[in-house]
Amino acid sequence: GKAELYMAPDGSGSAEWSNLSMFDSEDLDENGCFLLLVYDAAGKASAAHFWVGSESPLSYERDSDIVEVGHEFLGTMGHSALPITLVFQGDEEEA
């Protein structure tokens, strides 16, 4: 399958999510939040991981509120039923 990375609005005026078409782990900025949308081999969205930067405004919110932000965005793409896994910077499992 494939994956797409989206950067959440950072509160600096832009309310738009931006699609980062070419990305690697270096793009994960501690001041931002990123949603990784994972697709299975059939091209169907299968998982969503919401990475929360340690310095991002969202890092101070309740987990349930962060998930809601992610779900609102997924809903605009027709993936509202997709479960979201929260990943906080520094808590990533060592791959």
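Above this text is the structure in question.
As the structure is a prediction and not an experimental result, all values here were calculated from the model. Counting restarts for each chain: residues are numbered from 1 in the order of the written sequence. Restriction of local features to residues with pLDDT of at least 70 applies here, the model being predicted, together with a cutoff of 80 or more for giving and counting side-chain atom pairs; totals for whole chains, interfaces and linings are based on all residues. Side-chain measures here rest on the full set of heavy atoms in the structure, leaving out hydrogens and waters.

## Notes on the sheet that holds strand 3 (residues 33-39)
Cut-off, in case you're wondering: At least two DSSP bridges between two strands are needed for those strands to be called paired. Where helices and strands are cited, they refer to DSSP runs of H or I of at least four residues and of E of at least two residues respectively, numbered from the N terminus. Under this scheme, a helix contributes an axis fitted over its contacting stretch, all axes are lines through C-alpha atoms, and angles between N-to-C directions fall in the 0 to 180 degree range. Note on definitions: a residue-residue contact is assigned when non-hydrogen atoms from the two residues lie within 4.5 Å.
With mixed pairing, the 5 strands of this open sheet are ordered in space as 2-1-3-4-5. Only two strands of the sheet have a single neighbouring strand rather than two, namely strand 2 (18-20) and strand 5 (84-88). For this sheet, the mean angle separating the axes of adjacent strands, direction not counted, is 25°. Sheet analysis places strand 3 next to strand 4 (residues 45-52), joined by 7 bridges and oriented antiparallel. Bridge pairing in strand 4 links Tyr39 to Ala45. Together, strand 1 (3-7), strand 3, strand 4 and strand 5 form the strand contacts of helix 1 (residues 63-76), whose direction differs from that of strand 5 by roughly 125°.

## Description of the environment of Glu68
This is how the line gets drawn: We call a residue buried when its accessible area falls under 20% of the maximum for its residue type, exposed when it is over 50%, and partly exposed in between, using a 1.4 Å probe and counting protein chains only.
Relative to the helices and strands, Glu68 is located in helix 1. Glu68 gets classed as partly exposed once you look at its relative accessible area, which sits at 48%. C-alpha separation for the pair Glu68 and Ile84, spaced 16 residues apart in sequence, amounts to 9.4 Å.

## Observations regarding the environment of Leu82
Along the chain, Leu82 turns up in the loop between helix 1 and strand 5. Not counting chain neighbours up to four residues away, the residues in contact with Leu82 comprise Leu37, Ala45, Ser46, Ala47, Ala48, His71 and Leu74.

## What to know about the layout of surface pockets
Basically, it comes down to this: Only protein atoms enter the 1 Å grid used here, on which a cavity is any set of points holding a 1.4 Å probe that cannot leave and a pocket is any open set flanked by protein within 12 Å on both sides along at least five of seven lines; residues with an atom within 4 Å of a point are listed as lining. Grid points are joined across faces, edges and corners, and a volume is the space filled by probe spheres set on the points. Under this grouping Gly is polar, as are all residues other than the nonpolar Ala, Val, Leu, Ile, Met, Phe, Trp, Tyr, Cys and Pro and the charged Asp, Glu, Lys and Arg.
Size it by volume and the largest pocket reaches roughly 160 Å³. Lining the largest pocket we find Leu5, Phe23, Asp24, Ser25, Leu28, Phe34, Leu35, Leu36, His49 and Trp51. Contributions of two or more residues to the lining of the largest pocket are made by strand 3 and strand 4. Here the lining of the largest pocket takes 3 residues from strand 3, the largest share from any one element. Of the residues that constitute the lining of the largest pocket, the class distribution is 7 nonpolar, 2 polar and 1 charged.

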